[in-house]
Amino acid sequence: MPFTDRYGLALSTASERAAALYARGLDHALAAEAEAEACFRAAREEDPGFALAHIAEARLLQFRGRFAEAREAAERAQLAAPGASRRERQHVACIATAVAGDPQGALARVREHLAEFPRDAFVLSQATGVYGLIGFSGRLERNEEQLALLEPLAPAYGDDWWFLSQLAFAYNELFRHEEAQAAVERSLAGNPRNGHAAHTVAHIAYETGDAAGGGAFLRSWLADYQPAHQLYVHNHWHLALFELAEGKVEAVLERYERVIRPGQATSPALGTLADAASLLWRLTLTERPASELPWEEVAEFAAAAFPRPGTTWADAHCMAAWCAVADERRLIALIGGLRDRAAGGKGYAGPVLVTLAEGFLAYAHGEWDLAANLFAMAMPEVVRLGGSHAQRELFEDTLIASCARAGRLEQARRLLEERLERRPNGRDMRWAARLAEQVAAQGAAGRV
């Protein structure tokens with residue numbers, strides 16, 4: 001009998017140890033655990049002809065931002081693939097296409113492959129989550145597309161804990177919170193230490209306004225979650241959002257310093273920048289002036305890690321960091337580079353990224369009306385950038401702050417009230433109350 005993974009799919013290796021290492025690595029990878037890398041590396045060292053071990057290592061290297069090494073690993077997988085089964089050859093081709101920098105081609109291959117092999121979970125995982133092939137596709141309907149990919153596969157996966165965590169996340173991004181909660185509870189029942197399920201619990205709590213419940217869950221769950229694991233920093237970011245909602249600003253700052261800041265974070269550069277910049281920007285808009293927050297480290301990290309435009313989600317956070325430190329030179333250079341890319345048809349987000357960058361430049365200049373107009377223009381398109389609803393609130397927050405600073409207090413208050421109707425949030429409620437007081441004062445001044 002051939003060796004198989006947990007999904008019953010045959011593995012083309014003559015080594016029992018290599019097969020066991022690969023299967024263990026697959027489970028670690030799907031649970032967002034760091035041990036996956038060592039397992040896949042050991043599997044391909046045990047059997048250098050084991051194509052799936054090479055391509056799995058390539059995918060993890062790509063995720064860590066080690067792109068040259070990822071391409072080398074993908075090439076090794078392709079050289080070994082002719083000796084594998086057709087399913088494995090297609091598996092390698094799906095991931096190798098993504099590693100080579102062709103996300104649209106990779107997604108087309110993934111769809112075709114899953115039609116025949118729906119339980120090839122590692123291939124499916126390339127197209128799930130906000131950083132996956134659909135999440136970073138730049139399409140307005142990407143959340144609907146994500147669920148449309150997953151729901152028909154549900155019968156093939158049954159109570160599989162990994163699949164349920166992804167299905168739950170997809171439901172939640174479409175505000176189908178009850179279905180999301182039911183799916184994530186089943187996921188945690190199957191594997192309570194599944195990092196993706198814990199992450200989804202945080203999103204459900206955030207979108208339903210349960211800061212106390214979400215915070216309590218994450219404090220307990222994170223207690224023995226290792227810093228090397230994929231979602232360690234990001235789940236702490238979620239915990240910081242719950243603390244911010246509860247008005248615990250000092251706790252947020254302590255968590256930022258201990259876990260999230262660039263000099264401390266264990267995430268790849270993209271996640272490090274997104275978590276650090278978005279958290280500090282929230283604090284800047286409602287809690288502390290930028291001069292009292294550790295922005296310089298983030299701004300320099302952004303410049304060093306992403307010296308030129310081209311990584312859309314990073315570009316969107318570089319502009320916030322450079323706005324916070326009033327780095328006009330870098331903002332202008334970023335705008336120029338983004339315009340050139342947009343003119344050349346490069347990048348998946350389209351012109352919205354240029355509009356946002358122009359908005360942040362206007363904000364840095366104190367041109368509040370212009371900033372408000374630019375952010376308002378961008379808002380219908382920001383879903384193209386990627387990320388979750390919670391992450392993209394960064395841009396809506398900046399629109400609200402721009403309106404308030406421009407004296408368009410009623411517009412700012414209305415935007416906040418609309419968001420609060422969708423989900424309660426302590427920070428937003430305090431912000432809305434301050435805006436209501438300013439609206440009343442503005443009205444009183446007008447009557448004098």
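For clarity, every value in this text was computed on a predicted model and none was experimentally measured.

Peer 1: So what exactly am I meant to see when it comes to the overall build of the protein here?
Peer 2: Regarding its fold elements, the protein presents 24 helices and 2 strands. Compactness check: the protein gives a C-alpha radius of gyration of 23 Å against a globular reference of 22 Å for 448 residues, within 12% of the reference. Expressed as lengths along the three principal axes of its C-alpha atoms, the size of the protein is roughly 90 × 45 × 35 Å. Scored against the burial criterion, the 448 residues of the protein give a buried share of 56%. Residue pairs at least 24 apart in sequence account for 62% of intrachain contacts in the protein once pairs closer than 6 positions are excluded. Counting 47 positive and 59 negative side-chain charges, the protein places the averaged centre of each group 2 Å from the other.

Peer 1: Which parts of the structure should I look at to understand the layout of surface pockets?
Peer 2: Over the atoms, a rolling probe the size of a water molecule traces out where space has been left empty. In this structure, the second largest pocket encloses a volume near 340 Å³. Of the residues that constitute the lining of the second largest pocket, the class distribution is 14 nonpolar, 3 polar and 2 charged.

Peer 1: Is there a simple way to explain the packing of helix H20 (residues 352-365) against helix H22 (residues 389-405) in this structure?
Peer 2: Contact pair H20 / H22: the axes reach a minimum separation of 11 Å and the direction vectors enclose 40°. Compared by their axis directions, H20 and H22 come out oblique. Note that H20 runs across H22; the crossing there is left-handed. Contact with H20, carried on its side by Leu-356, Phe-360 and Tyr-363, involves Phe-395, Thr-398, Ala-401, Ser-402 and Arg-405 of H22 and no other residues of that element. Of the residues belonging to the contact of H20 with H22, the class tally is 5 nonpolar, 2 polar and 1 charged.

Peer 1: Even after reading the chapter, I still don't get helix H8 (residues 142-150), so can you show me in this structure?
Peer 2: Helical periodicity: at 3.6 residues per turn, an α-helix aligns residues three or four positions apart in one direction. Along H8, 7 of the 9 residues are buried, which leaves the element largely enclosed by surrounding structure. Those residues of H8 that sit buried are Arg-142, Asn-143, Glu-145, Gln-146, Leu-147, Leu-149 and Leu-150.

Peer 1: When you look at the packing of H20 against helix H21 (residues 368-378) in this model, what are you seeing that I'm missing?
Peer 2: In helix packing, the relevant descriptors are the interaxial angle and the interaxial distance, both defined with respect to the helix axes. Contact pair H20 / H21: the axes reach a minimum separation of 8 Å and the direction vectors enclose 160°. Accordingly, the angle class assigned to the pair H20 and H21 is roughly antiparallel. Crossing of H20 against H21: the hand is left-handed. Residues Val-352, Thr-355, Leu-356, Glu-358, Gly-359, Phe-360, Ala-362 and Tyr-363 of H20 lie in contact with H21, whose contacting residues are Trp-368, Leu-370, Ala-371, Leu-374, Phe-375, Met-377 and Ala-378. The residue inventory of the contact of H20 with H21, partitioned by class, reads 12 nonpolar, 2 polar and 1 charged.

Peer 1: Mind showing me how you'd approach empty space enclosed by the protein here?
Peer 2: Inspection of every chain in the model, using the stated rule, returns 5 cavities of 30 Å³ or more. Considered as a void within the structure, the largest cavity measures approximately 120 Å³ in volume. In terms of lining, the largest cavity is formed by His-28, Ala-29, Ala-32, Glu-33, Ala-34, Ala-36, Glu-37, Leu-60, Phe-63, Arg-64, Ala-228 and Gln-230. Looking at the lining of the largest cavity, the elements that each hand over two or more residues are helix H1 (16-30), helix H2 (35-46) and helix H3 (51-63). A per-class count over the lining of the largest cavity returns 7 nonpolar, 2 polar and 3 charged. Empty space within the second largest cavity amounts to approximately 90 Å³. In terms of lining, the second largest cavity is formed by Thr-312, Leu-338, Arg-341, Ala-342, Lys-346, Gly-347, Tyr-348, Ala-349, Gly-350, Leu-353 and Val-354. Residue assignment for the lining of the second largest cavity shows that the elements contributing at least two residues are helix H19 (328-343) and H20. Ranked by residue count, the leading element in the lining of the second largest cavity is H19, at 3 residues.

Peer 1: How do you make sense of the nonpolar core when you look at a structure like this?
Peer 2: A general feature of soluble globular proteins is that nonpolar side chains tend to end up buried together. Core analysis: the biggest nonpolar cluster contains 91 residues, and Trp-295 and Leu-385 have the highest contact counts within it. Each residue touching Leu-385, except ones within four places of it in the same chain, is listed here: Phe-136, Thr-312, Trp-313, Ala-316, Tyr-348, Ala-349, Val-352, Leu-353, Leu-356 and Phe-395. Membership of the second largest hydrophobic core comes to 67 residues, among which are Leu-21, Ala-29, Phe-122 and Leu-147.

Peer 1: For this particular structure, what's the right way to read the pattern of salt bridges?
Peer 2: Pairs may arise between side chains of opposite charge once their charged atoms sit close together. Applying the stated criterion across every chain, the model contains 38 salt bridges. The partner of Arg-6 in a salt bridge is Asp-27, and the shortest N-O contact between them spans 2.7 Å. Taken as a pair, Arg-6 in the loop between strand E1 (3-4) and strand E2 (10-11) and Asp-27 in helix H1 lie far apart in primary sequence, 21 residues in all. Given a relative accessible area of 24%, Asp-27 falls into the partly exposed group. A salt bridge links Asp-159 to Arg-186, with the nearest nitrogen and oxygen atoms 2.5 Å apart. Placement of Asp-159 in the loop between helix H9 (154-157) and helix H10 (161-173) and of Arg-186 in helix H11 (residues 177-190) is noted, with a sequence separation of 27 residues between them. Overall, the relative accessible area of 57% leaves Asp-159 in the exposed class. Through salt bridges that share partners, Glu-207, Arg-282, Glu-393, Glu-396, Asp-397, Arg-419, Arg-422, Arg-423, Arg-427 and Asp-428 make up one connected network.

What counts, and where the lines are drawn
- Residues numbered from 1 in each chain as written.
- Predicted model: local features only at pLDDT ≥ 70, side-chain atom pairs only at ≥ 80, totals over all residues.
- Heavy atoms only, no water.
- Helix = DSSP H or I, 4+ residues; strand = E, 2+ residues; numbered from the N terminus.
- Rg over C-alpha atoms; globule rule 2.2 N^0.38 Å.
- Buried < 20%, exposed > 50% of the residue type's maximum accessible area, 1.4 Å probe, protein only.
- Contact = heavy atoms within 4.5 Å.
- Lys, Arg positive; Asp, Glu negative; His and termini not counted.
- Charge placed at Lys NZ, Arg CZ, Asp CG, Glu CD.
- 1 Å grid on protein atoms, 1.4 Å probe; cavity = no way out; pocket = protein on both sides within 12 Å on 5 of 7 lines; lining within 4 Å.
- Points joined across faces, edges and corners; volume = space filled by probe spheres on them.
- Nonpolar A, V, L, I, M, F, W, Y, C, P; charged D, E, K, R; others polar.
- Axes fitted to C-alpha atoms, helices over the stretch in contact; angles between N-to-C directions.
- Parallel < 35°, antiparallel > 145°, perpendicular 65-115°, else oblique.
- Left-handed = near helix turned anticlockwise from the far one by under 90°.
- Core = buried A, V, L, I, M, F, W, Y, C linked by side-chain atoms within 4.5 Å.
- Salt bridge = Lys/Arg side-chain N within 4 Å of Asp/Glu carboxyl O.

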